[in-house]
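Remarks on the overall topology
The primary structure of each chain is shown beneath.
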Amino acid sequence: DAGVIQSPRHEVTEMGQEVTLRCKPISGHDYLFWYRQTMMRGLELLIYFNNNVPIDDSGMPEDRFSAKMPNASFSTLKIQPSEPRDSAVYFCASSRAQVYSYTFGSGTRLTVV
Amino acid sequence: AQSVTQLGSHVSVSEGALVLLRCNYSSSVPPYLFWYVQYPNQGLQLLLKYTSAATLVKGINGFEAEFKKSETSFHLTKPSAHMSDAAEYFCAVSKGAQKLVFGQGTRLTINP
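A brief report on the enclosed structure follows. (Residues numbered from 1 in each chain as written. Chains lettered and ligands numbered in written order. Predicted model: local features only at pLDDT ≥ 70, side-chain atom pairs only at ≥ 80, totals over all residues. Heavy atoms only, no water.)

**A few points about the sheet that holds strand β1 (residues 5-7) of chain A**
Residues and elements named next belong to chain A. Let me state the cut-off plainly: Only strands that DSSP links by at least two bridges are regarded as paired with each other. Put simply, DSSP marks the helices as runs of H or I at least four residues long and the strands as runs of E at least two long, and each gets a number from the N terminus on. Note on method: axes are straight lines fitted to C-alpha atoms, helices fitted across the in-contact stretch only, with angles between N-to-C directions ranging 0 to 180 degrees.
Spatial strand order, β1-β3-β8-β7: four strands in an open sheet with antiparallel pairing. The open sheet has two edge strands with one neighbour each: β1 and β7 (65-71). The mean inter-strand angle of the sheet, taken between neighbouring strand axes irrespective of direction, is 15°. As judged from the five bridges shared by strand β3 (residues 19-24) and strand β8 (residues 74-79), these two strands associate in the antiparallel manner. What sits directly across from arginine 22, in β8, is threonine 76.

**Focus on the sheet that holds strand β8 (residues 73-78) of chain B**
Across a sheet, strands are paired by hydrogen bonds formed along the backbone, either parallel or antiparallel in direction. All names here are of chain B. Reading across from one edge, β1-β3-β8-β7-β6 is the order of the five strands in this open sheet, with antiparallel pairing throughout. Only two strands of the sheet have a single neighbouring strand rather than two, namely β1 (3-7) and β6 (56-58). Each strand axis lies, on average, 20° off the axis of its neighbour in the sheet, ignoring direction.

**Comments concerning the interface of chain B and chain A**
Formally: Contacts are assigned to residue pairs that have any heavy atoms within 4.5 Å of one another. Buried area adds together the accessible area that both of two parts lose upon being put together, with accessible area traced by a 1.4 Å probe. Here, a salt bridge means any side-chain nitrogen of Lys or Arg that lies within 4 Å of a carboxyl oxygen of Asp or Glu. Within 3.5 Å is the distance limit for a polar contact, defined as a pair of N or O atoms, with the added protein rule that one can donate a hydrogen and the other accept it, and that residues adjacent in sequence qualify only through two side-chain atoms.
With 20 residues of chain B in contact, the opposing surface of chain A contributes 25 residues. For the chain B and chain A pair, buried surface summed over both sides reaches about 1700 Å², with 50% attributable to carbon and sulfur atoms. The three residues of chain B that bury the most area against chain A are Leu44(B), Gln98(B) and Lys99(B), which together make up 35% of that side's buried surface. For the pair chain B and chain A, the number of links is one salt bridge. Across the pair Asp56(A) and Lys99(B) runs a salt bridge whose closest N-O atoms are separated by 2.8 Å. Our count for the chain B to chain A interface comes out at five residue pairs in polar contact (both at pLDDT 80 or more).

**Some remarks on the packing of aromatic side chains**
Filter applied, for reference: By convention, a stacked pair of Phe, Tyr or Trp rings (six-membered ring in the case of Trp) has centres within 6.5 Å and planes under 30 degrees apart, an edge-to-face pair has planes over 60 apart, and any other such pair is tilted. Partly exposed residues are those whose accessible area sits between 20% and 50% of the maximum for their type, while under 20% is buried and over 50% is exposed, using a 1.4 Å probe and protein chains only.
Scanning the entire structure with this criterion turns up 18 aromatic pairs over all chains. Ring centres of Phe91(A) and Phe104(A) lie 6.3 Å apart, and the angle between their planes is 80°; this geometry places the pair in the edge-to-face category. Pair noted here: Phe91(A) is in strand β9 (residues 88-95) and Phe104(A) is in strand β10 (residues 103-104), with a separation of 13 residues, a long-range link. Looking at Phe91(A), the relative accessible area reads 1%, which means it is buried. Taking 5.5 Å as the distance between ring centres and 45° as the angle between the ring planes, the aromatic pair formed by Phe63(B) and Tyr89(B) counts as tilted. You can see Phe63(B) sitting in the loop between β6 and β7 (64-68) and its partner Tyr89(B) sitting in strand β9 (residues 87-94), a full 26 residues away along the chain. Residue classification places Tyr89(B) among the buried positions, given a relative accessible area of 0%. The rings of Tyr31(A), Phe33(A), Tyr35(A), Tyr48(A), Phe91(A), Tyr102(A), Phe104(A), Phe34(B), Tyr36(B), Phe90(B) and Phe102(B) are connected pair by pair, giving a single aromatic cluster.

**Focus on the state of the cysteines**
All names here are of chain B. Just so we agree on the cut-off: When the sulfur atoms of two cysteines come within 2.5 Å, that pair is taken as a disulfide.
Under the defined criterion, the tally for this structure stands at two disulfides over all chains. Residue cysteine 23 pairs covalently with cysteine 91 via a disulfide, S to S 2.0 Å. Here the disulfide of cysteine 23 and cysteine 91 is left-handed, its torsion about the S-S bond being about -65°. Within this pair, whereas cysteine 23 is found in strand β3 (residues 19-26), its partner cysteine 91 is found in strand β9, the two being separated by 68 residues in sequence. The two residues cysteine 23 and cysteine 91 agree in class, both being buried.

**Concerning the environment of Pro112(B)**
Residue and element names in this part refer to chain B. By secondary structure assignment, the location of proline 112 is in the segment after β11 (106-111). Between the C-alpha atoms of proline 112 and glycine 16, which are 96 residues apart in sequence, the distance is 8.9 Å. Non-local contacts of proline 112, meaning those with residues more than four positions away in its chain, are made with Glu15 and Met83.

**Section: the side chain of Thr20(A)**
Checked against the element boundaries, Thr20(A) lands in strand β3. The contact partners of Thr20(A), leaving out residues within four places of it in the chain, are Pro8(A), Thr76(A), Leu77(A) and Lys78(A).

**Focus: the nonpolar core**
Residue and element names in this part refer to chain B. Stated precisely, the cut-off is as follows: By nonpolar core we mean a set of buried residues, namely Ala, Val, Leu, Ile, Met, Phe, Trp, Tyr and Cys, connected to one another through side-chain atoms within 4.5 Å.
Among the nonpolar cores identified, the biggest contains 26 residues, and Trp35, Leu48, Phe74, Leu76 and Tyr89 are the most heavily contacted of them. Listing elements by their share of this core, those giving two or more residues are β2 (10-14), β3, β4 (32-38), β5 (44-50), β7, β8, β9 and β11. Setting aside residues up to four positions removed in sequence, tyrosine 89 forms contacts with Gln6, Leu21, Trp35, Tyr36, Val37, Leu47, Phe63, Leu76, Gly105, Thr106 and Leu108.

It is worth stressing that arrangement in space is one thing and function is another; only the former is reported here.
In structure tokens, the structure reads:
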């Protein structure tokens, strides 16, 4: 099992550019989560999916953020346009229903300059 | 809404000493509780979880935690600290809806 795979590991972009973060969950996991980690706010849940359907996106900061899960093995988090305050580490995690063992990816460190 | 409070953003212990990281939860219903560890530049790794079974939960790397409903606590302990335990530790709560809410984290430093 390769675990949860995120790409890229690091992303540096200029303010105003579009950024796309990618996640491949563990096969057989039917929940997928996107978290953001910053020094000031800690770990925040942005959105989560169940069976590819968004269940709760109340943590998405604003309309500049969007997330999709077109199939069970792939999800994207897009920021358009990006701003310096979006700089953070973005984590993807997946789990199976009723198991409550979330597996996190290694994260994408985003820097917006 | 459920939440967790971790007491102490930084904890420092000597190698071989007891590790105690504190977590208190707020939940109107019996929660599921978790401890995760994060090493530098890595994702979070599950240490242990409480899901309404035994109140004393044993995890990986010699860590354990005890669910105390009367104190609304879920403190993490390890009898003897090792240098490799230096990391950031997160307590988290879920009300069964699969959504985890994390505490602010406690950075553990081990002194030789």
